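Residue-level structure breakdown
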Amino acid sequence: SEVVSLADGSTVALASTDDCGATSLQHRLLLKLTPSGALDTAFGNGGISILPELPDPIVIDLMVQPDGKLLLVTGTAIARFGADGSLDPAYGGDGIIPIALPGTDPRVNATDIDDQGRLLVAGTAFEDQMGQPVIRRFLDDGTPDGSFGTGGSVQTDLFFGDPVLGKSMLAKGVGASADGSVYV
């Protein structure tokens, strides 16, 4: 989602600026609005937090962790922001962690937060033009969950079609049930 609601009734939205081609300068922003619709001046600079350059500009999801911190997931990285709109240095040292899916040109396609606050990311790992679904699970501090698969990652051996035709199975959604089972 590019808009999330927080427990206090405020809203955070992902936005971008565009100078209509004059200099090709763009900024990605997080805007926080109070329940009454005004910019929340305690967030970022007057309610606006300018995002840092991220390894991948394509945003997959904006999510709220159970503790109220914001996760911004791109195709290759996760950034975490505190309640004040700044990057959280407790998350990967600088607030940004790589997702590190295996294969060539891997991409995250879906995310979810399970009942225990762990982040699930599902994507596709490509090898020899064949895509396989891969799921990673991260703990609250951004480290891979070592109790999930191998080093926090599960890669399936599912293919649809055959290697000659190059058909792949892509992970387009991920979720977790109350018993901890993960579904793709």
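Note: the structure precedes this text.
This text gives an overview of the structure that appears in the document.

Once that is clear, we can look at the overall build of the chain. Of regular secondary structure, the chain possesses zero helices and 14 strands. Counting across all 184 residues of the chain, residues that qualify as buried make up 40%. Excluding contacts between residues fewer than 6 apart, the proportion of contacts in the chain whose partners are at least 24 apart in sequence is 37%. Accessible surface computed for the chain: about 9400 Å², of which carbon and sulfur atoms make up 56%.

The next point concerns the sheet that holds strand β1 (residues 3–5). The sheet built from four strands is open, its strands ordered β1-β2-β3-β4 with antiparallel pairing. Edge positions in the open sheet fall to β1 and β4 (48–50), since each of these has one partner strand only. Averaged over all pairs of adjacent strands, the angle between strand axes in this sheet comes to 20°, irrespective of strand direction. Inspection of the sheet shows strand β3 (residues 28–33) paired to β4 by three bridges, in the antiparallel sense. Bridging from a neighbouring strand, L30 pairs with S49 of β4.

With respect to the helices and strands, D61 occurs in strand β5 (residues 59–64). We classify D61 as buried; its relative accessible area is 13%. Polar side-chain contacts of D61 include one of 2.5 Å to the side chain of T111.

Here we take up the sheet that holds strand β6 (residues 70–74). Strand order across the open sheet formed by four strands is β5-β6-β7-β8, with antiparallel pairing between neighbours. In this open sheet, the two strands that pair with only one neighbour each are β5 and β8 (96–98). The mean angle between the axes of side-by-side strands here comes to 15°, regardless of whether they run parallel or antiparallel. The sheet contact formed by β6 and strand β7 (residues 77–81) spans four bridges and is antiparallel.

Quick look at the nonpolar core now. Counting 16 residues, the largest nonpolar core has V12, L14, L30, L62, L70, L72 and F81 as the members making the most contacts within it. Listing elements by their share of this core, those giving two or more residues are β2 (11–16), β5, β6 and β7. Counting residues per element, this core draws most heavily on β7, at three residues. Here V12 is in contact with E2, V3, V4, L6, L30, L31, K32, L62 and L70, once residues within four sequence places are set aside. I78, I97, L101 and V134 belong to the second largest nonpolar core, which has 15 residues in total.

Moving on, we get to the pattern of salt bridges. Applying the stated criterion across every chain, the model contains seven salt bridges. We note a salt bridge from R80 to D88, for which the minimum N-O separation is 2.8 Å. Judged by its relative accessible area of 3%, R80 is buried. A salt bridge links R80 to D140; the shortest N-O distance between them is 3.6 Å. A residue pair is termed long-range when its members are at least 10 positions apart, and R80 in strand β7 and D140 in the loop between β11 (130–138) and β12 (153–155) qualify at 60 residues. Note on D140: relative accessible area 39%, which makes it partly exposed. One network of salt bridges, in which partners are shared, links K69, R80, D88 and D140.

Conventions we followed
Residues numbered from 1 in each chain as written. Predicted model: local features only at pLDDT ≥ 70, side-chain atom pairs only at ≥ 80, totals over all residues. Heavy atoms only, no water. Helix = DSSP H or I, 4+ residues; strand = E, 2+ residues; numbered from the N terminus. Buried < 20%, exposed > 50% of the residue type's maximum accessible area, 1.4 Å probe, protein only. Contact = heavy atoms within 4.5 Å. Areas by Shrake-Rupley, 256 points an atom, 1.4 Å probe, with all protein chains shown as cover. Pairing = 2+ DSSP bridges. Axes fitted to C-alpha atoms, helices over the stretch in contact; angles between N-to-C directions. Polar contact = N/O pair within 3.5 Å; in protein donor to acceptor, adjacent residues only side chain to side chain. Core = buried A, V, L, I, M, F, W, Y, C linked by side-chain atoms within 4.5 Å. Salt bridge = Lys/Arg side-chain N within 4 Å of Asp/Glu carboxyl O.

Note that every value here comes from positions in space, so none of it alone points to a role or purpose.
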